[in-house]
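Overview (structure and organization)
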Amino acid sequence: MEQTSSDSGWRGSQDAWLAAAYEVLLEAGVDAVRILPLAKKLGLSRTSFYWFFKDREELLDALVSRWREKNTGNLIKQSEAYAETIAEAMLNVFDCWFDSELFDAKFEFAIRSWAIQSPELLAEVQRADRRRLDALTRMFGRFGQDEPHADVRARTVYLVQIGYISMQTEEEVSARRKRIPAYVEIFTGKAPEQRELDRFFARHGHAG
């Protein structure tokens, strides 16, 4: 919802304030997410902020909610997506690592960095980790893995990716694509079929 006023002009929108806060969080960390600098960034008055948020804490809570819904929600959704084989199921999860609309790695890094100085957010991140790991464990279970093996495979998949993010690993997309078949085979114990790889690469705008 946008707000306008004849005496003060455009007040912005909740999404505009949240988008600005997101950009600053990624660029400079949570300590830089302040109302006055955000108002200057948007070209709005400081008081415009209070049409949409009670205070800075409510804005920060909204950022965390957006991260939870996007990164955790989509990872779980992808782990539950239809697949005929465990290799195809793994490729559904890999969609997250290739599509920032599904899983925002920079947002993930910023949230985890913020959690270092916030016990409350650290607890939230740990809850998200458990939910994501549980979803991946269930995915392996659907394809016949017993609980101990499903748990270890889920942890291997997840902790490798979080390691990529935490280390801010820079890697050419072409190099990542070449590694996909081996990653799938190592993570699942099953080599992906060419048709599964072709569908995966087509989803991301590349020939198999």
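What counts, and where the lines are drawn
- Residues numbered from 1 in each chain as written.
- Predicted model: local features only at pLDDT ≥ 70, side-chain atom pairs only at ≥ 80, totals over all residues.
- Heavy atoms only, no water.
- Helix = DSSP H or I, 4+ residues; strand = E, 2+ residues; numbered from the N terminus.
- Expected span 1.5 Å × (residues − 1).
- Buried < 20%, exposed > 50% of the residue type's maximum accessible area, 1.4 Å probe, protein only.
- Arc of directions from axis to C-beta.
- Contact = heavy atoms within 4.5 Å.
- Axes fitted to C-alpha atoms, helices over the stretch in contact; angles between N-to-C directions.
- Parallel < 35°, antiparallel > 145°, perpendicular 65-115°, else oblique.
- Nonpolar A, V, L, I, M, F, W, Y, C, P; charged D, E, K, R; others polar.

1. Concerning helix H7 (residues 147–166)
- Between its first and last C-alpha, H7 extends 28 Å over 20 residues, near the 28 Å set by a 1.5 Å rise per residue.
- Listed in full, the buried residues belonging to H7 are Ala-150, Ala-154, Val-157, Tyr-158, Gln-161, Ile-162, Tyr-164 and Ile-165. Seen from one end, H7 has its buried residues packed into an arc of 155 degrees, which puts them on one side.
- If you follow the buried residues of H7, they end up packed against helix H3 (56–79), helix H4 (86–98), helix H5 (105–115), helix H6 (119–142) and helix H8 (173–188).
- Two residues or fewer after H7 comes Gln-168, characterised by a positive phi angle close to 50 degrees.

2. A closer look at the packing of helix H1 (residues 14–28) against H5
- Contact pair H1 / H5: the axes reach a minimum separation of 9 Å and the direction vectors enclose 70 degrees. Classified by the angle their axes make, H1 and H5 are roughly perpendicular. Two secondary-structure elements touch here, H1 through Tyr-22, Leu-25 and Leu-26 and H5 through Lys-106, Phe-107, Ala-110, Ile-111 and Trp-114.
- The class makeup of the residues in the contact of H1 with H5 is seven nonpolar, no polar and one charged.

3. Re unusual backbone geometry
- With a phi angle near 50 degrees, Gln-168 is a residue other than glycine that sits in the positive phi range.
- Checked against the element boundaries, Gln-168 lands in the loop between H7 and H8.

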